[in-house]
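The lines below spell out each chain.
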Amino acid sequence: MSETPKPRSHGMFSARPTAGPKPLGTDQAPGGAFRVKVLTIFPELFPGPLAASLTGKALAERLWTLETLDIRRFARNKHRTVDDTPAGGGPGMVMKPDVVAAAIDAAQADAPRERARWPVIYLSPRGRPLTQARVRELAAGEGMTLLCGRFEGVDERVLEARGVEELSLGDFVLTGGEIPAMALIDAVVRLRPGVLGNEASTEEESFSRGLLEHPHYTRPQVWEGREIPEILLSGHHARIAEWRRAQAEELTKERRPDLWRAYRATGGDTEQSDAKTAGRAGRKRD
Ligand code: 4HQ
């Protein structure tokens, strides 16, 4: 009953197909793969959608690696209890600090000491909102450990004791942290070298410049009586770029006054939420 819980590797090629107790430092994927560890009571949900399309191909190519640790296996009693009733009363259940801490410690045993290059992240609506700026920082690191909560969440003390960063995907409530974890992994992995076909496409996304994206069109030229805006068929690349910028600005002003204020405050045409690049020459605006 005190066996070392076994992590599961995902992807077509595993360095350790038999997944025995993990020898330290011998499981590095070649050539700087980004390593993701997921702590969850539902490891069977992974890789899930991450096995498809670009992230799936990159996983098969070992551009990134995924290891799930089943939190339940770190429970010490025979029923593998991971939760308990909330102190002070109230509805629901809370994940036990001792069990969650054991899972985090196991995950971090072979991770770099430098937390900035391999943070432990808890997905929660109480977290700081996830931004593309934070996604870029994570993608520049070596890996990340993601804690997926269920029930009412985890005991606050384990978050404090293990220096866990809380990130939120938005102001809504899900049943668990697994779907937010998958979303975060997708956002980070797509920024790793070799994952997207066209490297330029990550830079050209207008959201990276702090604006919502301009509208996109493709053939047919007329669909259900609706035409593609004439400028896009003109071949005037400078005027097309100007039109797209104007569209992006209009849309941002209308839907996201918060982003619009930030864009204007930093002079426009700057990396979103990136103070270092703020203050560059602006351009005409109303
Ligand atoms: N949950 N952004 C509650 C979320 C969430 C979100 C995850 C539900 C954590 C305990 N996570 N569990 N929104 O709603 O990240």
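Residues numbered from 1 in each chain as written. Predicted model: local features only at pLDDT ≥ 70, side-chain atom pairs only at ≥ 80, totals over all residues. Heavy atoms only, no water.

Trainee: Would you mind going over unusual backbone geometry in detail, with residue names and values included?
Mentor: The residue after Phe46, namely Pro47, is reached through a cis peptide bond having omega 0°. Take Pro47: it is sitting in the loop between strand E2 (34-40) and helix H1 (53-60). Its identity is not glycine, yet Ser53 carries a phi of approximately 55°, on the positive side. Mapping Ser53 onto the fold places it in helix H1. (Helix = DSSP H or I, 4+ residues; strand = E, 2+ residues; numbered from the N terminus.)

Trainee: Tell me about the pattern of salt bridges, and name the residues and values.
Mentor: The full count for this structure, using the stated rule, is 18 salt bridges. Two residues, Asp98 and Lys96, come together in a salt bridge whose shortest N-O distance is 3.8 Å. Residues joined by salt bridges that share partners form a network here, namely Arg35, Lys37, Glu67 and Asp110. (Salt bridge = Lys/Arg side-chain N within 4 Å of Asp/Glu carboxyl O.)

Trainee: Account for the site of the ligand, naming residues and giving values.
Mentor: Around the ligand, the surrounding shell holds 16 residues, and the nearest of these are Ser124, Leu169, Gly170, Phe172 and Leu174. Here a nitrogen atom of the ligand and a backbone polar atom of Gly170 are 3.2 Å apart. The element that contributes the greatest number of residues to the shell around the ligand is strand E6 (residues 120-129), accounting for four residues. Grouping the amino acids of the shell around the ligand by side-chain chemistry returns nine nonpolar, seven polar and no charged. (Near = heavy atom within 4 Å. Polar contact = N/O pair within 3.5 Å; in protein donor to acceptor, adjacent residues only side chain to side chain. Nonpolar A, V, L, I, M, F, W, Y, C, P; charged D, E, K, R; others polar.)

Trainee: I'd like a description of the environment of Arg73, backed by residues and values.
Mentor: Here Arg73 shows up in the loop between strand E3 (64-70) and strand E4 (83-84). Separated by 68 residues in sequence, Arg73 and Pro5 place their C-alpha atoms 5.7 Å apart.

Trainee: Help me get a handle on the confidence of the model for the protein, residues and values and all.
Mentor: In the predicted model, the protein carries a mean pLDDT of 87, and 82% of its residues have values of at least 70. In this model, residues 272-286 is a region of pLDDT below 50 whose contacts with residues beyond four sequence positions or in other chains number 32 contacts. (pLDDT = per-residue confidence, 0-100. Contact = heavy atoms within 4.5 Å.)

Trainee: Just give me the short version of the sheet that holds strand E7 (residues 143-147), but keep the residues and values in it.
Mentor: If you walk across this open sheet you meet the six strands as E1-E3-E2-E7-E6-E8, and the pairing is mixed. The open sheet has two free edges, formed respectively by strand E1 (8-9) and strand E8 (165-168), since each of these has just one partner strand. Here E6 runs beside E7; their pairing, made up of three bridges, is parallel. Along E7, the bridge assignment pairs Val120 with Thr145. Most of the contacts of helix H5 (residues 178-189) go to E7, to which it runs at about 165°, and overall it touches E2, E3, E6 and E7. (Pairing = 2+ DSSP bridges. Axes fitted to C-alpha atoms, helices over the stretch in contact; angles between N-to-C directions.)

Trainee: Describe the pairing of E2, and please don't skip the residues or the numbers.
Mentor: Counting buried positions along E2 gives seven out of seven residues, so the element sits mostly inside the fold. Burial along E2 is two-sided: Phe34, Val36, Val38 and Thr40 facing one way and Arg35, Lys37 and Leu39 facing the other are all buried. Bridging between E2 and E3 involves seven bridges; their strand directions are parallel. Bridge pairing in E3 links Arg35 to Thr65. Read as a crossover between parallel neighbours, the route from E2 over H1 to E3 is right-handed. (Buried < 20%, exposed > 50% of the residue type's maximum accessible area, 1.4 Å probe, protein only. Right-handed = clockwise from strand over helix to strand, strands pointing away.)

Trainee: Hey, could you go over the packing of helix H7 (residues 237-255) against helix H8 (residues 257-265) for me, with residue numbers and the actual values?
Mentor: Here H7 crosses H8 at 125°, and the two axes come no closer than 6 Å. On the basis of their axis angle, the class for H7 and H8 is oblique. The residues of H8 that touch H7, namely those facing Glu249, Thr252, Lys253, Glu254 and Arg255, are Pro257, Leu259, Trp260 and Tyr263. Its residues placed into classes, the contact of H7 with H8 shows four nonpolar, one polar and four charged. (Parallel < 35°, antiparallel > 145°, perpendicular 65-115°, else oblique.)

Trainee: If you had to explain the nonpolar core to someone new, which residues and values would you point to?
Mentor: By size, the foremost hydrophobic cluster in this structure holds 26 residues, and its most contacted members are Val36, Trp64, Met144, Leu146 and Ile185. At the level of elements, E2, H1, E3, E6, helix H3 (132-139), E7 and H5 are the ones that each hand at least two residues to this core. Here this core gets seven residues from one element, more than from any other, and that element is H5. Judged by nonpolar contacts, the second largest core, of 21 residues, contains Val82, Ala103, Ile104 and Val164. (Core = buried A, V, L, I, M, F, W, Y, C linked by side-chain atoms within 4.5 Å.)

Trainee: So what's going on with the pairing of E7? Residues and values would help.
Mentor: On any regular strand, side chains alternate: one points to one face of the sheet, the next to the other face. Most of E7 sits out of view: five of its five residues are buried. Because side chains alternate across E7, one face comprises the buried residues Gly143, Thr145 and Leu147, and the other comprises Met144 and Leu146, equally buried. In terms of strand pairing, E2 meets E7 through five bridges, oriented parallel. Bridge pairing links Lys37 to Thr145 in E7.

Trainee: So what's going on with helix H2 (residues 97-108)? Residues and values would help.
Mentor: Each α-helix turn comprises 3.6 residues. Residues three or four places apart therefore point the same way. Between its terminal C-alpha atoms H2 stretches 16 Å, which fits the 16 Å expected from twelve residues at 1.5 Å a residue. Of the positions making up H2, those classed as buried are Val99, Val100, Ala101, Ala103, Ile104, Ala107 and Gln108. Looking at the buried positions of H2, the neighbouring elements they touch are E2, E3, strand E5 (94-95), E6, E7 and helix H4 (156-161). (Expected span 1.5 Å × (residues − 1).)

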